[in-house]
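Here are the chains, one letter per residue:
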Amino acid sequence: MEKGLLIVISGPSGAGKGTIYRNIIERTDIKRSVSVTTRKPRPGEIDGVDYFFRSEEEYQQMIAAGEFLETAEVYKNYYGTPKAPVFENLRNGNDVLFEVDVHGAKSIKKKYPEAIEIFIMTPDFDVLEKRLRGRGTETESSLKTRLGSAKRELSKYEMFDYIVLNDDAEEATARVLDIITAEKCRVKNNTDIIQKLLNQA
Ligand code: 5GP
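Residues numbered from 1 in each chain as written. Predicted model: local features only at pLDDT ≥ 70, side-chain atom pairs only at ≥ 80, totals over all residues. Heavy atoms only, no water.

**What about the overall build of the protein chain?**
Here comes step 1: When its secondary structure is counted, the protein chain shows 8 helices and 9 strands.
Here comes step 2: Structurally, the protein chain occupies a C-alpha span of about 65 × 40 × 30 Å along its principal axes.
Here comes step 3: Taken across its 201 residues, the protein chain has 42% of its residues classed as buried.
Here comes step 4: When contacts within the protein chain are restricted to residue pairs at least 6 apart in sequence, those whose partners lie at least 24 apart make up 65%.
Here comes step 5: Averaging the coordinates of the 31 positive side-chain charges in the protein chain and doing the same for the 33 negative ones gives two points 2 Å apart. (Helix = DSSP H or I, 4+ residues; strand = E, 2+ residues; numbered from the N terminus. Buried < 20%, exposed > 50% of the residue type's maximum accessible area, 1.4 Å probe, protein only. Contact = heavy atoms within 4.5 Å. Lys, Arg positive; Asp, Glu negative; His and termini not counted. Charge placed at Lys NZ, Arg CZ, Asp CG, Glu CD.)

Below, the structure is given as structure tokens:
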């Protein structure tokens, strides 16, 4: 039985999930899951730290070898979560945090229903558009694609356990940390401790 929590942060591109994810990794001892991608590294990104950057051929070999917990095509590139390190961490009692697209969140929930899934969204679509423009990484057409996808992704809200509106990254990070704390206090996640207390009584 896995002892750690598997926590998934998801939501549309531009909603700020990456910032929240990085804040939590920096400030807690929650483990991160490093994804594999066929996307080319952006300036400053490091192989093995930000992602494992692989060729499409290498990626297909990993799929064939059953190495992924989930894999999805996002904006013409493949992204996947390697399975082995995640379950090793969970078995050792470590919590693991993921940042994946909405398809990835759906496949993880299917394979691992105990996953705690948090949807990150901006308070409205104008803010989302501004953030995407502000990144300066999108062309006009990729911007339109991402805004269209955001609406479809939001319509999948029912599969998520929580929604956090990201107006301010610090506040949103605090809310996600509160959710994690509440989940850690659930009775079902503390049966060992309760049993130990009962044995003392
Ligand atoms: P980016 O290329 O901007 O780093 O990420 C693009 C999208 O891919 C983001 O929405 C991010 O959450 C998602 N993504 C990153 N890693 C994974 C993964 O392992 N699986 C899935 N399904 N999506 C991922």
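**What about the packing of aromatic side chains?**
Here comes step 1: Tallied over the full model, the rule gives 6 aromatic pairs.
Here comes step 2: A ring pair is formed by Tyr 59 and Tyr 78, whose centres lie 5.5 Å apart and whose planes are at 25°; its orientation type is stacked. Of the two residues, Tyr 59 sits in helix α2 (residues 56–64) while Tyr 78 sits in strand β6 (residues 77–82), which places them 19 residues apart along the sequence.
Here comes step 3: The structure contains a cluster of three or more aromatic residues connected by ring pairs, namely Tyr 51, Phe 53 and Tyr 79.
Here comes step 4: A cation sits over an aromatic face here: Arg 146 above Tyr 75, 4.0 Å from the ring centre.
Here comes step 5: Over the ring of Phe 125 we find Lys 151; its NZ or CZ atom is 4.8 Å from the centre of that ring. (Phe/Tyr/Trp six-rings, centres within 6.5 Å; stacked < 30°, edge-to-face > 60°. Lys NZ or Arg CZ within 6 Å of the ring centre and 35° of its normal.)

**Points about a positive patch on the surface**
Here comes step 1: A contiguous patch of positive charge, built from Lys 83, Lys 106, Lys 110, Lys 111, Arg 152 and Lys 156, is present on the exposed surface.
Here comes step 2: Residue placement: Lys 106 occurs in helix α4 (residues 102–111).
Here comes step 3: Residue Lys 106 is classed as partly exposed on the basis of its relative accessible area, which comes to 46%. (Patch = residues over 30% accessible without salt bridge, like charges linked within 9 Å, V, L, I, M, F, W, Y side chains within 5 Å. Areas by Shrake-Rupley, 256 points an atom, 1.4 Å probe, with all protein chains shown as cover. Salt bridge = Lys/Arg side-chain N within 4 Å of Asp/Glu carboxyl O.)

**Observations regarding the sheet that holds strand β9 (residues 162–165)**
Here comes step 1: Strand order across the open sheet formed by 5 strands is β2-β7-β1-β8-β9, with parallel pairing between neighbours. What marks the edges here is a single partner per strand, and that holds for β2 (31–32) and β9.
Here comes step 2: Of the pairings in the sheet, the one linking β2 to strand β7 (residues 96–99) comprises 2 bridges and is parallel in character. Paired with Lys 31 across the strands is Val 96, a residue of β7.
Here comes step 3: Of the strands in this sheet, β1 (6–10), β2, β7 and β8 (116–121) touch helix α1 (residues 17–27), which is tilted by about 160° from β7.
Here comes step 4: Strand contacts of helix α7 (residues 169–184): β1, β8 and β9, with the helix running at about 160° to β9, the strand carrying the most contacts. (Pairing = 2+ DSSP bridges. Axes fitted to C-alpha atoms, helices over the stretch in contact; angles between N-to-C directions.)

**Focus: the sheet that holds strand β5 (residues 68–74)**
Hydrogen bonding along the main chain pairs the strands of a sheet, whether they run parallel or antiparallel.
Here comes step 1: As summarised here, the arrangement of the 4 strands in space is β4-β3-β6-β5, forming an open sheet in which the pairing is mixed. Only two strands of the sheet have a single partner each, and these edge strands are β4 (52–53) and β5.
Here comes step 2: Here strand β3 (residues 36–37) runs beside β4; their pairing, made up of 2 bridges, is parallel. Note on β4: the bridge partner recorded for Val 36 is Phe 52.
Here comes step 3: Along the sheet, helix α3 (residues 83–91) contacts β5 and β6; its crossing angle with β6, the most-contacted strand, is approximately 30°.

**So, the site of the ligand**
Here comes step 1: Residues in close proximity to the ligand total 15 residues, the closest being Ser 35, Arg 39, Tyr 51, Glu 70 and Tyr 79.
Here comes step 2: Separating an oxygen atom of the ligand from a side-chain N or O atom of Tyr 79 is a distance of 2.4 Å.
Here comes step 3: Its free accessible area being 510 Å², the ligand has 92% of it covered by the protein chains.
Here comes step 4: Elements with a contribution of two residues or more to the shell around the ligand: β5 and β6. (Near = heavy atom within 4 Å. Polar contact = N/O pair within 3.5 Å; in protein donor to acceptor, adjacent residues only side chain to side chain.)

**Describing the pairing of β6**
Here comes step 1: Bridge analysis of β3 against β6 gives 2 bridges, and the strand direction is antiparallel. From the neighbouring strand, Thr 37 faces β6, where its bridge partner is Tyr 79.
Here comes step 2: Note that β5 and β6 share 6 bridges and pair antiparallel. Bridging across to β6, Val 74 finds its partner in Asn 77.
Here comes step 3: Between β5 and β6, which follow one another and run antiparallel, lie 2 residues, and Tyr 75 among them has a positive phi close to 45°.

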